[in-house]
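Listed below are the residues making up each chain.
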Amino acid sequence: MISLPHPYREDFARQWLHEAQREAAAGTAFRFAVTPNRGTEFLGAAELRALDREHQQAELSFWIAVPLWGCGYATEAGRRLLEFAFSDLRINRVYAHHMRRNPASGRVLGKLGMTREGLLRERVKKWGRFEDVVLMALLYRDWAHANG
Ligand SMILES: CC(C)(COP(=O)(O)OP(=O)(O)OC[C@H]1O[C@@H](n2cnc3c(N)ncnc32)[C@H](O)[C@@H]1OP(=O)(O)O)[C@@H](O)C(=O)NCCC(=O)NCCS
């Protein structure tokens, strides 16, 4: 979530929602709110972006509000999004990036069945510091095998 500004202002949220509508209409990205099974409390967000129809690829990313970390929400939201990608959108490869110094993200992606494909050294600059980024991915055939 390197692109999220900090501090996060209300106009950023409005812009994000506006872009979500535009991208969903164009079929280039699908952004979802993460909410409890019952209720409308906003827990975080999960999205499939960079949809590439030619190569049937998309990027998965998510974030959960800090006080709710460790409750399994990212894993549950990620599972639902993979189902949407593979079953509804017929994507063949879903990939995700996480910063190497953020092992919780890597753990979530691993729990989703993703395999580490590589390390992109100093791929991004976050708050003035170059960061290594891990690339992970899951193929449709592996997801289908694991999900019956
Ligand atoms: C990464 C993030 C989404 C995880 O959300 P979450 O709802 O807490 O995730 P879950 O509860 O589903 O799973 C977290 C897992 O990471 C593990 N974990 C937490 N801190 C860890 C650490 N420092 N090292 C290794 N594993 C860690 C937890 O133990 C848990 O695994 P387990 O179920 O095997 O015990 C959340 O920390 C976040 O929003 N981070 C900022 C944004 C981000 O990094 N997004 C991912 C980019 S793709």
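These remarks concern the structure in this document. (Residues numbered from 1 in each chain as written. Predicted model: local features only at pLDDT ≥ 70, side-chain atom pairs only at ≥ 80, totals over all residues.)

**Quick look at the overall build of the protein**
To keep things clear, this is the line we draw: Secondary structure elements follow DSSP: runs of H or I no shorter than four residues count as helices, runs of E no shorter than two count as strands, and numbering proceeds from the N terminus. Within these notes, the globule rule equals 2.2 Å times the number of residues to the 0.38 power, and the radius of gyration is based on C-alpha atoms. For the purpose of contact definition, each residue receives a C-beta atom placed from its backbone, and two residues are in contact when these atoms lie within 7 Å.
Looking only at helices and strands, one finds 4 helices and 6 strands in the protein. Its helices and strands in sequence order give the protein the pattern α-β-β-β-α-β-α-β-β-α, from N to C terminus. Relative to the 2.2 N^0.38 estimate, which gives 15 Å for 148 residues, the radius of gyration of the protein is 15 Å and therefore close to what a compact globule would have. Counting contacts in the protein only where the partners sit at least 6 residues apart, residues at least 24 apart contribute 47% of the total.

**Brief notes about unusual backbone geometry**
What counts is decided by this rule: Our exposure labels follow a C-beta count within 10 Å of each residue's own C-beta, placed from the backbone: buried means 20 or more other C-beta atoms, exposed means 12 or fewer, and partly exposed covers the counts in between.
Here the phi dihedral of Arg90 falls at roughly 60°; this positive angle occurs in a residue that is not glycine. Among the secondary structure elements, Arg90 is positioned in the loop between α2 (73-88) and β4 (93-99). Positioned with a positive phi, Glu122 is a non-glycine residue whose angle comes to about 50°. Considering the arrangement of structural elements, one finds Glu122 in strand β5 (residues 115-126). A count of 10 C-beta atoms within 10 Å places Glu122 in the exposed class.

**Observations concerning the pairing of strand β6 (residues 129-139)**
For clarity, the threshold we go by: Pairing between two strands requires that DSSP report at least two bridges joining them.
Pairing analysis gives 7 bridges linking β4 to β6, with the strands arranged antiparallel. From the neighbouring strand, Tyr95 faces β6, where its bridge partner is Ala137. Linking β5 to β6, which pair antiparallel, is a turn of 2 residues; within it Trp127 sits at a positive phi near 50°.

**Focus on the site of the ligand**
We apply this condition: As used in this record, a residue near a molecule or strand is one whose C-beta atom, placed from the backbone, is within 6 Å of it. Here the term charged refers only to Asp, Glu, Lys and Arg, the term nonpolar to Ala, Val, Leu, Ile, Met, Phe, Trp, Tyr, Cys and Pro, and the term polar to all other amino acids, Gly among them.
Taken together, 20 residues are adjacent to the ligand, and Ala74, Thr75, Pro103, Ala104 and Arg107 come closest. Those elements giving two or more residues to the shell around the ligand turn out to be β3 (57-64), α2, β4 and α3 (103-111). By residue class, the composition of the shell around the ligand is 12 nonpolar, 7 polar and 1 charged.

**Remarks on the nonpolar core**
The cut-off we apply is this: What makes a nonpolar core is a set of buried Ala, Val, Leu, Ile, Met, Phe, Trp, Tyr and Cys residues, with links drawn between C-beta atoms within 7 Å.
Judged by nonpolar contacts, the single largest core of 27 residues is most densely connected at Ala77, Leu81, Leu82, Ala85, Val94, Met114 and Leu138. Elements that contribute at least two residues to this core include exactly β2 (44-52), β3, α2, β4, α3 and β6. Setting aside chain neighbours within four positions, we find Leu81 in contact with Ala46, Leu48 and Leu60.

**Digging into the sheet that holds β3**
The criterion, for reference: In this description, a line fitted to the C-alpha atoms serves as the axis of each element, helices being fitted only across the stretch in contact, and the angle between N-to-C directions of two axes falls anywhere from 0 to 180 degrees.
If you walk across this open sheet you meet the 6 strands as β1-β2-β3-β4-β6-β5, and the pairing is mixed. Strand pairing shows two members of the sheet lacking a second neighbour, β1 (30-34) and β5, which therefore form its edges. On average, adjacent strands in this sheet sit at an angle of 25° to one another, irrespective of strand direction. Note that β1 and β2 share 5 bridges and pair antiparallel. Looking at β2, one finds that Ala33 is bridged to Ala45.

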